[in-house]
Structure formats: C-alpha cells, structure tokens
Amino acid sequence: MQAVTVTADGGEGGFWATAAPIIPHPLEFIFGLVVFAILYVIVKRTVVPRLEQIYAERTAAIEGGMNKAEEAQAQAQAALEQYQAQLVEARSEAARIREDAKAQGAQILAEMREHAASEAARITETAHKQIEAERQQAVVSLRGDVGRISTDLASRIVGESLHEETRQKGIVERFLAELESGDVVREKVGDR
C-alpha cells in the first residue's frame, strides 16, 4: 500500500509533501502572519490601552491608599503629640494646684494659729483682769474685815468704843499702809 498525500494545490506529492513536516506551507505561513498582525493591532489598540488604564487606576488607588495611610499616620502622630502635650500641661496644672493648695493650707494654718494665739491672749488678758478685779475686791473686803475685827479687838482691849466710822477708817488705813510699806514697829507688850 502506498500512501498518497493530497496537497492544497490539488496535486499529489510535490515539494511540500516531501519536505520536513515542521516547515509550514508558504500560504499557511502568510495567512498566520496576517492573522497575527491583525490580532496584534487589535490587542495594541483596544486591550493594551484598557490594561494600561486599569494599571494606572490601580497604581493611583494604591498610591492614594498609601498617601491616605501616611496622612492618617501623620494625623495619629499629631494627635499623640497633642495628647502628650495636654498630658504634660495637665500634670503641670495638677502640680500647680497642689502647690497652691499647700500654700493655702499653710496660710490657713498660720491664720488659725494666729487667731488661736490672739484668742488665747485675749482670754489670758480677760482672766488677768478678772483675777485683778477679784484680788482688788478681796483686798477691799479683807481690809474691811481686818479693820472691823481689829477695831473690835482694840475696843475690847482698851475698853472704849472705837466704832466711829471716820476714826476707825483712819486708824485701819494708817495701820495697813504701815504694813504694806514695812514700817511697822514691833513693840513688846507686857514688859512694862
């Protein structure tokens, strides 16, 4: 059996039938180049610009996202710095308030001590005045009692009434003045 090959020329055999199977027929080669060129032009004019546009949009979206991320990071950093500044300010304000409170506390304590000291001085002064008044009252009362008792005693000793008020006052006052000044002369009674 013999193999018969039919070619596109309609003839049997020929050069292309005996040629190597990997070498294409010239018509097929030309037809393939034309189709390839048409596809190339279609892809270059329609598909490639669209792909470029999509690539540019994606690049812009990615860069925009990165820019937004950087901007958000910058805003977060600014907010953090502002927060830290406010925190430092709040701490210094708290320290100032504590110092003011300490100063006010010390001032109030000093005022209370001063008030207590003045109140104590006033109470002491009042007590001294009251004691002096009571002492004066006691001296007056004692002088009257001493004068009356000594007049009664002298009246009994002398046997004469010494109860005249003017006379009694003069004698008692003179005697007490001598006692206070220390000019009292002791006399021995009963050696006569």
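Just so you know, these numbers come straight off a predicted model, no measurement behind them.

Asker: For the overall build of the protein chain, give the residues involved together with the corresponding values.
Answerer: Of regular secondary structure, the protein chain possesses three helices and zero strands. The linear arrangement of helices and strands in the protein chain, starting from the amino end, is α-α-α. Counting over 192 residues, the protein chain shows a buried share of 5%. Residue pairs at least 24 apart in sequence account for 18% of intrachain contacts in the protein chain once pairs closer than 6 positions are excluded. Carbon and sulfur atoms provide 61% of the accessible area of the protein chain, an area that totals close to 17100 Å².

Asker: Describe the UniProt feature "transmembrane region" (unreviewed entry) in the protein chain, naming the residues involved and giving the relevant values.
Answerer: Under the feature "transmembrane region" (unreviewed entry), the UniProt entry names residues 22–43. The distance separating the terminal C-alpha atoms of residues 22–43 is 28 Å; by composition the span is 82% helix and 0% strand.

Asker: Please give an account of the UniProt feature "coiled-coil region" (unreviewed entry) in the protein chain that cites residues and values.
Answerer: UniProt records the feature "coiled-coil region" (unreviewed entry) for residues 62–100 in the present numbering. Note that residues 62–100 is 100% helix and 0% strand, and that its end C-alpha atoms are spaced 55 Å apart.

Asker: Before we move on, could you go through the pattern of salt bridges and cite the residues and values that matter?
Answerer: In total, this model carries four salt bridges according to the counting rule given. Note that arginine 96 is salt-bridged to glutamate 93, the shortest N-O span being 2.3 Å. Taken together, the positions of arginine 96 and glutamate 93, both in helix 2 (residues 26–158) and three residues apart, correspond to about one turn of that helix. Of the residues examined, arginine 96 reaches a relative accessible area of 42% and is grouped as partly exposed. Salt-bridge contacts for arginine 122 lead to glutamate 119; the nearest nitrogen and oxygen are separated by 2.3 Å. Of this pair, arginine 122 and glutamate 119 both sit in helix 2, separated by three residues, roughly a single helical turn. In this structure arginine 122 comes out as partly exposed when scored by relative accessible area, which is 46%.

Asker: Please provide a residue-by-residue account of a nonpolar patch on the surface, values included.
Answerer: A cluster of nonpolar side chains, Phe29, Ile30, Phe31, Leu33, Val34, Val35, Ile38, Leu39 and Ile42, forms an exposed patch at the surface whose accessible area comes to about 840 Å². Along the chain, isoleucine 38 falls in helix 2.

Definitions and cut-offs
Residues numbered from 1 in each chain as written. Predicted model: local features only at pLDDT ≥ 70, side-chain atom pairs only at ≥ 80, totals over all residues. Heavy atoms only, no water. Helix = DSSP H or I, 4+ residues; strand = E, 2+ residues; numbered from the N terminus. Buried < 20%, exposed > 50% of the residue type's maximum accessible area, 1.4 Å probe, protein only. Contact = heavy atoms within 4.5 Å. Areas by Shrake-Rupley, 256 points an atom, 1.4 Å probe, with all protein chains shown as cover. UniProt positions renumbered as here; feature names shortened; annotations may be inferred. Salt bridge = Lys/Arg side-chain N within 4 Å of Asp/Glu carboxyl O. Patch = residues over 30% accessible without salt bridge, like charges linked within 9 Å, V, L, I, M, F, W, Y side chains within 5 Å.

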